[in-house]
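Secondary and tertiary structure notes
Listed below are the residues making up each chain.
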Amino acid sequence: MTIGKIIDGKAFAAGLRAQVAEGVAAFAAQAGRKPGLAVVLVGEDPASSVYVRNKGRMTVEAGMESFEFKLPATIGEDELLDLIEELNADERIDGILCQLPLPGHIDEASVIAAVSPDKDVDGFHVVNAGRLATGQEALVPCTPLGCIMLLKDELGDLSGLEAVVVGRSNIVGKPMAQLLLAENCTVTLAHSRTRDIASVVHRADIVVAAVGRAEMVKGEWIKPGATVIDVGINRVVDTEDGKARIVGDVATAEALAHVRAITPVPGGVGPMTIAVLLRNTLVAAHARAGLPGPEGL
Ligand SMILES: NC(=O)C1=CN([C@@H]2O[C@H](COP(=O)(O)OP(=O)(O)OC[C@H]3O[C@@H](n4cnc5c(N)ncnc54)[C@H](OP(=O)(O)O)[C@@H]3O)[C@@H](O)[C@H]2O)C=CC1
Ligand SMILES: Nc1nc(=O)c2c([nH]1)NC[C@@H]1CN(c3ccc(C(=O)N[C@@H](CCC(=O)O)C(=O)O)cc3)C=[N+]21
Ligand SMILES: [Mg+2]
């Protein structure tokens, strides 16, 4: 039995960040300022804190200005919306990311709607979602765009391939489906009400798992030779050594016997999300400065 390839998202992301850093230097030379990214974290969620720290470090390493706002979980929605208005008006800031999920008393849709579409480097605003859905230029959600980059690197042209996306959230599943459609895939979105999900997944040349359930997608669901992108980030306690670790939404060890290629967790999609966030910030900076988009990105 042959074993599939493990896609090195960490290495691909490092290459993308290096390309972004070159683009940042060129932008700074032309515009006379660095691109700026603001990250807003509400509350103390330990997982979110790790990502925010990594984002801040990588933003500075790419030559950009990083602005971090850590707010208490008790902050009122009005205060958060006021901060976003300030960031919208701040000329130094090209990208605004408000880390999700937000505490229950804050309406996420209102916060997403408050971010200027021009600075919406997450691509979550309805204006950007609508532009993506209608084939117009848009800021595109980071995680799905990172997945497409890995797929094209692995498979080349995706035209005509059967793609099954498991999960239909606004931030991963739906934009993922839009991007696969734009690459001329035949796209199926599966979710918690899907009947016989194993056989739906078994049709796919490309499987994208974005569910949030540890190792839910089993090895035998995968068609031999399919390429699997595992978006899931699930914190579990190892039954062997009692240590906390993260696993994806796919039973990777089983799947390896079936796949052509698969992304690991960690080291797959996660690092791509941050690299694309920096790429989107550079794209937003170009647009705001009235410059043509950064070359090759
Ligand atoms: N690597 C990265 O950079 C990122 C990773 N993530 C991770 O990706 C995963 C998904 O995130 P997100 O999209 O925000 O999650 P959501 O919880 O918003 O959405 C989960 C989706 O999975 C579906 N689902 C849940 N249970 C099942 C099931 N048993 N069978 C089939 N479908 C099911 C839900 O269906 P329904 O709609 O019917 O409820 C829903 O559409 C999480 O693990 C998250 O941590 C997220 C963002 C970035
Ligand atoms: N507004 C908003 N935008 C987001 O993009 C967003 C968000 N909110 N909320 C949370 C999710 C999750 N997310 C990740 C980013 C990086 C890694 C990442 O770097 N992961 C590494 C390390 C994982 C680890 O060790 O914890 C890896 O998979 O190798 C993971 C997950 C972005 N998200
Ligand atoms: Mg909420």
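Residues numbered from 1 in each chain as written. Chains lettered and ligands numbered in written order. Predicted model: local features only at pLDDT ≥ 70, side-chain atom pairs only at ≥ 80, totals over all residues.

Under an unreviewed UniProt entry, the protein has the name Bifunctional protein FolD and belongs to Sphingobium cloacae. Of the comments in the UniProt record for the protein, the one headed Subunit (unreviewed entry) reads "Homodimer." (UniProt positions renumbered as here; feature names shortened; annotations may be inferred.)

Counting its secondary structure elements, the protein contains ten helices and eleven strands. For the protein, whose C-alpha radius of gyration is 19 Å, the value lies close to the compact-globule estimate of 19 Å for 297 residues. Considering only residue pairs separated by 6 or more positions, the protein has 68% of its internal contacts joining residues 24 or more positions apart. (Helix = DSSP H or I, 4+ residues; strand = E, 2+ residues; numbered from the N terminus. Rg over C-alpha atoms; globule rule 2.2 N^0.38 Å. Contact = placed C-beta atoms within 7 Å.)

This brings us to the UniProt feature "binding site: NADP(+)" (unreviewed entry) in the protein. Under the UniProt annotation, the feature "binding site: NADP(+)" (unreviewed entry) is placed at Gly167, Arg168, Ser169 and Ile233. Here Ser169 is to be found in the loop between strand 5 (162-166) and helix 7 (173-182). Judged by local crowding, Ser169 falls into the partly exposed class, with 15 C-beta atoms found within 10 Å. Once residues within four sequence positions are removed from consideration, Ser169 is found in contact with Lys174 and Ala210. Overall, Ile233 belongs to the buried group, with 20 C-beta atoms counted inside 10 Å. (Buried ≥ 20, exposed ≤ 12 C-beta atoms within 10 Å, placed from the backbone.)

Remark: helix 2 (residues 46-61) packs on helix 10 (residues 269-288), axes separated minimally by 10 Å, with the N-to-C direction vectors making an angle of 50°. In terms of orientation, helix 2 lies oblique with respect to helix 10. Taken as a pair, helix 2 and helix 10 cross one another with a handedness that is right-handed. The segment helix 2 lies against helix 10, with Asn54, Lys55, Met58 and Thr59 engaging Ile274, Leu277 and Leu278. Grouping the constituent residues of the contact of helix 2 with helix 10 by class yields four nonpolar, two polar and one charged. (Axes fitted to C-alpha atoms, helices over the stretch in contact; angles between N-to-C directions. Parallel < 35°, antiparallel > 145°, perpendicular 65-115°, else oblique. Left-handed = near helix turned anticlockwise from the far one by under 90°. Nonpolar A, V, L, I, M, F, W, Y, C, P; charged D, E, K, R; others polar.)

Along the chain, Ile222 turns up in the loop between strand 7 (206-209) and strand 8 (227-230). In sequence terms Ile222 and His258 are 36 residues apart; their C-alpha atoms lie 6.2 Å from each other. Discounting chain neighbours no more than four positions away, the residues touching Ile222 are Val201, Val207, Val228, Ala255, His258 and Val259.

For the rest of this paragraph, the subject is the site of ligand 2. Close to ligand 2 lie 18 residues; Tyr51, Leu100, Pro266, Gly270 and Thr273 are nearest. Of all elements in the fold, only helix 2, strand 4 (95-98) and helix 10 reach the threshold of two or more residues within the shell around ligand 2. Counting residues per element, the shell around ligand 2 draws most heavily on helix 10, at four residues. A breakdown of the residues in the shell around ligand 2 according to their chemical character gives twelve nonpolar, five polar and one charged. Two domains each donate at least three residues to the shell around ligand 2, and these are domain 1 (30-117) and domain 2 (142-270). (Near = placed C-beta within 6 Å. Domains from an automatic or database assignment.)

Moving on, we get to the pairing of strand 6 (residues 186-190). With five bridges joining them, strand 5 and strand 6 adopt parallel strand pairing. The partner of Glu162 across the bridge, within strand 6, is Thr186. (Pairing = 2+ DSSP bridges.)

Attention shifts here to the sheet that holds strand 5. Strand pairing in a sheet relies on backbone hydrogen bonds, with the paired strands running either antiparallel or parallel. The strand order across the open sheet built from six strands is 1-11-8-7-5-6, with neighbouring strands paired in parallel fashion. The open sheet is flanked by strand 1 (5-6) and strand 6, the only strands paired with a single partner. In the packing of helix 7 onto the sheet, contacts are made with strand 5, strand 6 and strand 7, and the angle to strand 6 comes to roughly 170°.

To continue, consider helix 5 (residues 126-133). Restricting attention to buried positions, one finds in helix 5 the residues Asn128, Ala129 and Leu132. Taken end-on, helix 5 shows its buried residues confined to a sector of 100°, consistent with a single buried face. In this structure, the buried residues of helix 5 make contact with helix 7. Gly135 sits one or two positions beyond helix 5 and adopts a positive phi of about 75°. (Arc of directions from axis to C-beta.)

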